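# Structural overview
Chain by chain, the residues:
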Amino acid sequence: MQTIEYKEFGNIELRVGTINRVEIFEKARKPAYKIWVDLGPEIGVKKSSAQVTANYSPQDLLDRQVVCVCNLAPRQIADFMSEILITGFEDEQGAIVLTTVERPVPNGSRLY
């Protein structure tokens, strides 16, 4: 495993936000959703494409707090601009399980 300096980790903006809109991403090559995440007043609402259809329905995702990387360069996926990366881990079948928080925290809170 490659190591990084603490300062490098500090450059990654990991923040929590609440999912407030989900749509099926019909133009994606692999099954995915278009997701809008409220990251608080400082950042606002940002969009992401996420391949989480194996474990979550759109209704499962609404109002869920998730941990996001907020300072990656935006990425064009088909006709959709993904502005953040919603984080998660692979389960035993290789499907993504979202990273969340133990209890509610204010949207936009940074991970330390």
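Every residue gets a number counted from 1 within its own chain, in the order that chain's sequence is written. Local features in a predicted model are, by the rule used here, given only for residues with pLDDT of at least 70; side-chain atom pairs are given and counted only at 80 or more, and totals for whole chains, interfaces and linings are based on all residues. Hydrogens and water are ignored here; the side-chain numbers use all heavy atoms of the structure.

## Quick notes on unusual backbone geometry
Even without being glycine, D63 reaches a positive phi, approximately 70°. Strands are runs of DSSP state E lasting at least 2 residues, helices are runs of H or I lasting at least 4, and numbering of each runs from the N terminus. By the secondary structure assignment, D63 is in the loop between α3 (58-61) and β4 (65-69). Here D63 falls in the exposed class, since its relative accessible area comes to 64%. With phi around 55°, A78 is a residue other than glycine that occupies positive phi space. Buried residues are those whose accessible area, probed at 1.4 Å on protein chains only, stays under 20% of the maximum for their type, while exposed residues exceed 50% and partly exposed ones sit between those limits. Take A78: its relative accessible area is 48%, and that puts it in the partly exposed class.

## Quick notes on the nonpolar core
Definition used in this section: a nonpolar core is a set of buried Ala, Val, Leu, Ile, Met, Phe, Trp, Tyr and Cys residues joined via side-chain atoms within 4.5 Å. Within the largest apolar cluster, 16 residues are counted, with the highest numbers of intra-cluster contacts made by I35, V37, V52, L61, C68 and I86. Secondary structure elements with two or more residues in this core: β1 (14-24), β2 (33-38) and β4. With three residues, β2 is the largest single contributor of residues to this core. Two residues form a contact once any of their heavy atoms are found within 4.5 Å. In this view, C68 contacts E13, L14, R15, V37, L39, I84, L85 and I86; residues no more than four positions away in its chain are not counted. The next biggest cluster of nonpolar side chains, apart from the first, holds five residues, and it includes F25, A28, A32 and W36.

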